[in-house]
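# Structural overview
Here are the chains, one letter per residue:
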Amino acid sequence: MSRDRLVLGAFALIVVFGGANFVAGRVSIQELPPFWAGGLRLAAAAAVLLALVAIQRLPLPRGRALVGAVAYGVIGFGAAYGFAYWGFQRVSAGLGAVLLAVTPLFTFGLALLHGQENFRWRPLLGGGVAVAGIAVMFSGSVGAAVPLPSLLAVVAMAVCNAEASVFVKQFPKTHPITTNAVAMLVGAVILLVLSTMFREPHSLPVRTSTWVALVYLILLGSTTLFVLFLFVLRSWPASTVSYMFVLFPFVAVALSAWIERTPVTLALAIGGILVLLGVFVGAVTQVPFMKTPHRVGPEPCLTCPE
């Protein structure tokens, strides 16, 4: 299998796992306090990744690479998850997926500010069409009685996700497992400190559904997803990778429809078509293999650190 197809397959898995995270995350905080639930999830995921680091004898980041991994953990896990777990106490999984769909627009703007990408109308147009489609899909949900601070917290998570994906590209590349192990550990410490500051009870789950959600979030929704994320980020521009947030609502809606028996409306169908059109215009046509079928030079190693 060529690297281009492998990267595309990894992106597809990111969309599935990431979309399911909204539902699983909501299930976990129905029993556990928000910061404690997030910290528990990241601490366990970091432990799994550190075990893989030890088994495979992977070198941990050093120097500027270590600084980048720590910064990635502060922004992409500590700040982003802090906002997310607090906001999702009152924001539904579907509406949260909608709000995070603006991430490509934030990423594109931040990539411009950091000088990583040149201005292009197509990603901006595609992002606008996609967000408009999601607005149509959830036109009925947006009017629900959700506190403004909770909505803003989820939007803040989108900004943090965008900045993390752009900021990490400024540092030397390391193995995605080691980078995420360090970053998740940093994020876990931040959330557990917040949990202690807010005097949340630190108890383990009792409900089976909470345990199932946590195991999923740790093994697939955290460790596997973010390793795949950094793997894809090596090959695609940050603004293109960020279109995963536009596709997350499809998975979140499907799971919500299955679990909560939410009907598929005409607005949902029309909005879905607009989202797919926006993703195709703004992201798919920008992917490197769409423009350059044959790469020049050796293919990078998929398993060794860079």
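Parameters and conventions
The written sequence of each chain sets the order in which its residues are numbered from 1. It should be noted that, the model being predicted, local features are given only for residues of pLDDT at least 70 and side-chain atom pairs only at 80 or more, the latter also being counted only at that level, while totals for whole chains, interfaces and linings use all residues. As a convention, hydrogens and water are excluded, and side-chain values are obtained from all of the structure's heavy atoms. Think of it this way: any DSSP run of H or I at least four residues long counts as a helix, any run of E at least two long counts as a strand, and we number them from the N terminus. Relative accessible area decides the class of each residue, using a 1.4 Å probe on protein chains only: under 20% of the type maximum gives buried, over 50% gives exposed, and in between gives partly exposed. Here a residue-residue contact requires only that any non-hydrogen atoms of the pair lie within 4.5 Å. In short, Shrake-Rupley with a 1.4 Å probe defines the accessible areas, and a residue's cover is counted only from the protein chains shown. The aromatic pairing rule takes the rings of Phe, Tyr and Trp, using the six-membered ring of Trp, and pairs them if the centres are within 6.5 Å, calling planes under 30 degrees apart stacked, those over 60 edge-to-face and the rest tilted. What is meant by a nonpolar core is a set of buried Ala, Val, Leu, Ile, Met, Phe, Trp, Tyr and Cys residues, joined one to another through side-chain atoms within 4.5 Å. Residues form patches when they are more than 30% accessible in relative terms and have no salt bridge. Like charges link within 9 Å. Nonpolar side chains (Val, Leu, Ile, Met, Phe, Trp, Tyr) link within 5 Å. In the sections that follow, a salt bridge refers to a side-chain nitrogen of Lys or Arg positioned within 4 Å of a carboxyl oxygen of Asp or Glu. For helices, the fitted axis covers only the stretch in contact; all axes are lines through C-alpha atoms, and the angles between them, taken along N-to-C directions, range from 0 to 180 degrees. Just so you know how the angles are binned, under 35 degrees is roughly parallel, over 145 roughly antiparallel, 65 to 115 roughly perpendicular, and the rest oblique. Left-handed is the label given to a crossing in which the near helix is rotated counterclockwise from the far helix by less than a right angle, and right-handed is the label when the rotation is clockwise. Polarity classes work like this: nonpolar for Ala, Val, Leu, Ile, Met, Phe, Trp, Tyr, Cys and Pro, charged for Asp, Glu, Lys and Arg, and polar for all others, with Gly in that last group. Confidence scores labelled pLDDT are given residue by residue by the predictor and lie between 0 and 100. Take the number of residues in a helix, subtract one, and multiply by 1.5 Å to get its expected span. Each residue is assigned a bend, namely the angle between axes fitted to the seven residues that terminate at it and the seven residues that start at it.

### Brief notes about the overall build of the chain
What the chain contains, in helices and strands, is 14 helices and zero strands. Ordered by position from N to C terminus, the α and β elements of the chain give α-α-α-α-α-α-α-α-α-α-α-α-α-α. Per-residue burial over the chain gives 52% buried out of 306 residues. Partitioning the contacts of the chain with sequence separation of at least 6, the portion at a separation of at least 24 is 92%. With the model as given, the accessible surface of the chain reaches about 14100 Å², and the carbon-plus-sulfur share is 71%.

### Comments concerning the packing of aromatic side chains
According to the stated counting rule, one finds ten aromatic pairs in the structure shown. Look at Phe 22 and Phe 248: their rings are 5.9 Å apart centre to centre, the planes differ by 65 degrees, and that puts the pair in the edge-to-face class. In this pair, Phe 22 sits in helix H1 (residues 3–28) while Phe 248 sits in helix H12 (residues 244–260), placing the two residues 226 residues apart along the sequence. Judged on exposure class, the residue Phe 22 and its partner Phe 248 are both buried. Ring pairing ties together the aromatic residues Tyr 72, Phe 77, Tyr 81, Tyr 85 and Phe 226, which thus form one cluster.

### Here we look at the nonpolar core
Counting residues in hydrophobic clusters, the biggest one holds 74 residues, and the most contacted among them are Tyr 72 and Val 232. With 14 residues, the top contributor of residues to this core is helix H10 (residues 208–233). The contact partners of Val 232, leaving out residues within four places of it in the chain, are Val 7, Ala 10, Phe 11, Ile 14 and Val 241. Formed by seven residues, the second largest nonpolar core is a distinct cluster that contains Val 98, Ala 101, Ile 134 and Val 275.

### Remarks on the environment of His 114
By the element assignment, His 114 lies in the loop between helix H5 (103–113) and helix H6 (121–137). Taking relative accessible area as the criterion, His 114 reaches 30% and is therefore assigned partly exposed. Excluding residues that lie within four positions of it along the chain, His 114 makes contacts with Glu 163, Val 166, Phe 167 and Gln 170.

### Details of helix H4 (residues 93–100)
The buried fraction of H4 is high, at eight of eight residues. Buried within H4 we find Ala 93, Gly 94, Leu 95, Gly 96, Ala 97, Val 98, Leu 99 and Leu 100.

### Regarding a nonpolar patch on the surface
Nonpolar side chains collect at one region of the surface, where Leu 50, Leu 60, Leu 185, Val 189, Val 193, Met 197 and Phe 198 lie side by side and expose about 660 Å² of accessible area between them. Note on placement: Val 193 falls in helix H9 (residues 176–197).

### Things to note about unusual backbone geometry
The backbone phi angle of Arg 57 is positive, close to 55 degrees, even though this residue is not glycine. Mapping Arg 57 onto the fold places it in the loop between helix H2 (34–56) and helix H3 (64–87). Owing to a relative accessible area of 76%, Arg 57 belongs among the exposed residues under this scheme. Its identity as a non-glycine residue notwithstanding, Arg 199 has a phi of 55 degrees, on the positive side. Along the chain, Arg 199 falls in the loop between H9 and H10.

### A few points about the packing of H9 against H10
For the pair H9 and H10, interaxial distance at closest approach is 9 Å and the crossing angle is 125 degrees. Here H9 is positioned oblique relative to H10, judged by the angle of their axes. By crossing handedness, the relation of H9 to H10 is classed as right-handed. Residues Pro 176, Ile 177, Thr 179, Asn 180 and Met 184 of H9 lie in contact with H10, whose contacting residues are Ser 222, Thr 223, Phe 226, Val 227, Leu 230 and Phe 231. In the contact of H9 with H10, the residues fall into seven nonpolar, four polar and no charged.

### Examining the confidence of the model for the chain
Close reading of the predicted structure is inappropriate where its pLDDT is low. Taken as a whole, the chain shows an average pLDDT of 81; of its residues, 84% reach a score of 70 or greater. The element-level mean pLDDT for the chain is lowest in helix H14 (residues 288–291), coming to 46, with H9 highest at 95.

### Brief notes about H10
With 26 residues, H10 should reach 38 Å at 1.5 Å per residue; the first-to-last C-alpha distance of 35 Å fits that figure. Of all the bends in H10, the greatest measures close to 40 degrees and is centred on Leu 217.

### Concerning the packing of H3 against helix H8 (residues 148–167)
Contact pair H3 / H8: the axes reach a minimum separation of 8 Å and the direction vectors enclose 165 degrees. By the angle between their directions, the pair H3 and H8 is classed as roughly antiparallel. Between H3 and H8 lies a crossing whose hand is left-handed. Two secondary-structure elements touch here, H3 through Ala 71, Tyr 72, Ile 75, Gly 76, Ala 79, Ala 80, Phe 83, Ala 84, Trp 86 and Gly 87 and H8 through Pro 149, Ser 150, Ala 153, Val 154, Ala 156, Met 157, Cys 160, Asn 161, Glu 163, Ala 164 and Phe 167. Its residues placed into classes, the contact of H3 with H8 shows 16 nonpolar, four polar and one charged.

### Remarks on the environment of Pro 172
Relative to the helices and strands, Pro 172 is located in the loop between H8 and H9. Separated by 107 residues in the primary sequence, Pro 172 and Ala 65 place their C-alpha atoms 5.2 Å from one another. Not counting residues within four places of it along the chain, the set of residues in contact with Pro 172 comprises Arg 64 and Ala 65.

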